[in-house]
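The residues making up each chain are set out below.
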Amino acid sequence: MTSSAPVRVVWSREMLAYDFGHGHPMTSERLDLTIRLAEALGLLTGPDVELVGAQEASDELLQTVHDPAYVAAVHRASADGTPDLSFGLGSNDDPVFPHMHEASAMVVQGSVDSALAVWEGRAEHAVNVTGGLHHAMRSSASGFCVYNDAAVAIVALLDAGAQRVAYVDIDAHHGDGVQAVFWDDPRVLTVSLHETGHALFPGTGHAREAGGLGAEGTAVNVALPSGTGDAGWLRAIDAVVPAVVREFAPDVLVTQHGCDTHLLDPLTHLRVSLDGQRRAAELLHDLAHEVAGGRWLALGGGGYAVVDVVPRSWTHLLGIATHHPVDPSTEVPDEWRSLVRERYGRLGPDRMTDDREARFSPWASGYDPGDDVDRAIRATRAAVFPSLGLDPDHD
Ligand SMILES: [Zn+2]
Ligand SMILES: [Zn+2]
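None of these values were measured; they are calculated from a predicted model.

A.B. asks: Before we go on, may I ask you to explain the nonpolar core in this structure?
C.D. replies: Soluble globular proteins tend to bury their nonpolar side chains together. Grouped together as the largest cluster of nonpolar side chains are 131 residues, with contacts concentrated most on Tyr167, Ala236 and Leu253. Setting aside its immediate chain neighbours within four residues, Leu253 contacts Ala166, Val168, Val245, Leu287, Ala288, Val291, Ala292, Arg295 and Trp296.

Spelled out as structure tokens, the structure:
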């Protein structure tokens, strides 16, 4: 690591306000437990880490991605609690909550500040686990997401002078909102690996979705079969992500680390382990150093196993990004386990691992046309590799 700039971690207690309320899967307890675990392991102190909160993004900044009428609707709903279903506000997925605008705008500013800190060399890497709200659309809330912090941060990078930005999304759900914003923009590569839209919200993200006119090959989708575990998931990441990102040669890498791919996640049907997720984060960190001079913004995302998965998964992400990776055999600190016992009346996980090897065989060793995961990988490579100047069979 050659940079002496600190790693920036976005966090303040005010960010707990992004919470859809009692009984909703998107509870901010997931963030609270994550930060408390990372703190208990000593990851958030020291001269090489900068822990910073965020102001609320201005309407002007939000409108670099969002329709002004939508931003105005979020303000109204936030102020008086009135649903406005024409903008997706007040649905079952996206109920209106107090300070919805302020809380959502804070997440956006946190990602934008981080992106610019990385771009300007004030931070070596940056992590915003409150961000990664990838389903938010230009004119509507969707899938627990109000404003699309990832898209606003990418626009901010382009406006600051970045020529090309790559976005890699490993959440169990398709990163549809980010893809939609940059569909026709050849300066932004969006890559999403997710459970197939035939089985899971939002229903999109098929291999043939490959980018608009003039931007062919800059939307990359790997639609994995339900039930895919570590070996298939990591094989898919390895078979697609490094090749397309290297070829695209981005100035900055933005990644979304939704951890709802885990086998314990209540909303999805993938079977990835904590160890698989950690391995993916390592791969993306290494890739950022290799292709983007280390300019890396890592975001959170989905993840609804609030006690058993999210805190450990994103603590590993924080450890990797701050260059203090947590050994998987590490015991979960007693103070954190006591907190879980008090709050939930149950025992939390006791170690930072699921005891999985997280092994996979690389694509180069050959593929099996009878295997569903391999067919999904092959479909993606066939759909986008030629547009990017890559060979679907040999790169
Ligand atoms: Zn998700
Ligand atoms: Zn690094």
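A.B. asks: What should I look at first to understand the pairing of strand 5 (residues 188-195) in this one?
C.D. replies: Successive residues of a regular strand alternate their side chains across the two faces of the sheet. Taken across its eight residues, strand 5 has eight buried, putting it largely inside the fold. Two strands pair when backbone bridges link them, and strand 4 (residues 165-169) and strand 5 are joined in this way by five bridges, in the parallel orientation. Opposite Asp169, over in strand 5, you have Ser192 as the bridge partner. Handedness of the crossover joining strand 4 and strand 5 through helix 6 (residues 176-181) is recorded here as right-handed. Bridge analysis of strand 5 against strand 6 (residues 219-224) gives six bridges, and the strand direction is parallel. Each residue of the ladder has a partner; that of Val191, found in strand 6, is Val220.

A.B. asks: Looking at this structure, I do not really get the environment of Asp238. What am I missing?
C.D. replies: Topologically, Asp238 is positioned in helix 7 (residues 230-248). With residues up to four places along the chain from it excluded, the contact list for Asp238 reads Phe360, Pro362 and Trp363.

A.B. asks: Sorry if this is basic, but what is going on with helix 5 (residues 149-159) here?
C.D. replies: Because an α-helix completes one turn every 3.6 residues, residues spaced three or four positions apart along the sequence face the same direction. Counted residue by residue, helix 5 has nine buried out of eleven residues, so it is predominantly covered. Among the residues of helix 5, Asp149, Ala150, Ala151, Val152, Ala153, Ile154, Val155, Ala156 and Leu157 are the ones counted as buried. Two residues or fewer after helix 5 comes Gly161, characterised by a positive phi angle close to 120°.

A.B. asks: Explain the sheet that holds strand 5 to me, please; I cannot follow it from the model alone.
C.D. replies: By definition, the strands of a sheet pair up through backbone hydrogen bonds, in either a parallel or an antiparallel sense. Strand order across the open sheet formed by eight strands is 2-1-3-8-7-4-5-6, with parallel pairing between neighbours. The open sheet has two edge strands, strand 2 (49-52) and strand 6, and neither has a second partner. The mean inter-strand angle of the sheet, taken between neighbouring strand axes irrespective of direction, is 15°. Of the strand pairs in this sheet, strand 1 (residues 7-10) and strand 2 are connected by four bridges, and their pairing is parallel. Paired with Arg8 across the strands is Glu50, a residue of strand 2.

A.B. asks: Teacher, can you tell me more about the UniProt feature "domain: Histone deacetylase" (unreviewed entry) in the protein chain here?
C.D. replies: Under the present numbering, the feature "domain: Histone deacetylase" (unreviewed entry) in UniProt falls on residues 24-318. The span residues 24-318 carries 38% helix and 12% strand; its end-to-end C-alpha distance comes to 25 Å.

A.B. asks: It is not clear to me how the packing of helix 4 (residues 100-119) against helix 5 should be interpreted in this structure. Could you clarify?
C.D. replies: To describe two helices that pack against each other, one gives the angle between their axes and the distance between the axes. Where helix 4 meets helix 5, the closest approach of the two axes is 8 Å, and the angle between their N-to-C directions is 35°. Relative to helix 5, the crossing made by helix 4 is right-handed. Residues Val107, Val108, Ser111, Val112, Ala115, Leu116 and Trp119 of helix 4 lie in contact with helix 5, whose contacting residues are Asp149, Ala150, Val152, Ala153, Ala156 and Leu157. Here the contact of helix 4 with helix 5 is composed, by residue class, of eleven nonpolar, one polar and one charged.

A.B. asks: Looking at this model, I keep getting lost on helix 9 (residues 310-321). Mind explaining?
C.D. replies: Between the first and last C-alpha of helix 9 there are 16 Å, a value that for twelve residues agrees with the 16 Å anticipated at 1.5 Å per step. A large share of helix 9 lies buried, amounting to twelve of its twelve residues. Considered for burial, the residues of helix 9 that qualify are Val310, Pro311, Arg312, Ser313, Trp314, Thr315, His316, Leu317, Leu318, Gly319, Ile320 and Ala321. Packing partners of the buried residues in helix 9 comprise strand 1, helix 1 (29-40), strand 3 (125-128), helix 8 (274-292) and strand 8 (296-299). Of the residues one or two after helix 9, His323 is the one with positive phi, at around 65°.

A.B. asks: Any chance you could explain unusual backbone geometry here in plain terms?
C.D. replies: Leaving glycine aside, a negative phi is the common case for residues, and trans is the common case for peptide bonds. Here the amide bond leading from Phe201 into Pro202 is cis, since omega sits at 0°, within 30 degrees of zero. Position of Pro202 among the secondary structure elements: in the loop between strand 5 and strand 6. In this model, Ala249 sits at a positive phi of 50°, which is unusual for a non-glycine residue. Overall, Ala249 belongs to the exposed group, with 12 C-beta atoms counted inside 10 Å. Phi at His323 takes a positive value of approximately 65°, unusual for a residue other than glycine. Within the secondary structure layout, His323 lies in the loop between helix 9 and helix 10 (334-344).

A.B. asks: How should the packing of helix 1 against helix 9 be read in this particular structure?
C.D. replies: Their axes nearest at 8 Å, the elements helix 1 and helix 9 cross at an angle of 50°. For the element pair helix 1 / helix 9, the angle class is oblique. Handedness of the crossing formed by helix 1 with helix 9: right-handed. On the side of helix 1, the interface is formed by Arg30, Leu33, Thr34, Leu37 and Ala38, while helix 9 contributes Val310, Pro311, Arg312, Trp314, Thr315 and Leu318. Classifying every residue of the contact of helix 1 with helix 9 by side-chain character gives seven nonpolar, two polar and two charged.

Rules used in this analysis
Residues numbered from 1 in each chain as written. Chains lettered and ligands numbered in written order. Predicted model: local features only at pLDDT ≥ 70, side-chain atom pairs only at ≥ 80, totals over all residues. Core = buried A, V, L, I, M, F, W, Y, C linked by C-beta atoms within 7 Å. Buried ≥ 20, exposed ≤ 12 C-beta atoms within 10 Å, placed from the backbone. Contact = placed C-beta atoms within 7 Å. Helix = DSSP H or I, 4+ residues; strand = E, 2+ residues; numbered from the N terminus. Pairing = 2+ DSSP bridges. Right-handed = clockwise from strand over helix to strand, strands pointing away. Axes fitted to C-alpha atoms, helices over the stretch in contact; angles between N-to-C directions. UniProt positions renumbered as here; feature names shortened; annotations may be inferred. Left-handed = near helix turned anticlockwise from the far one by under 90°. Nonpolar A, V, L, I, M, F, W, Y, C, P; charged D, E, K, R; others polar. Expected span 1.5 Å × (residues − 1). Parallel < 35°, antiparallel > 145°, perpendicular 65-115°, else oblique.

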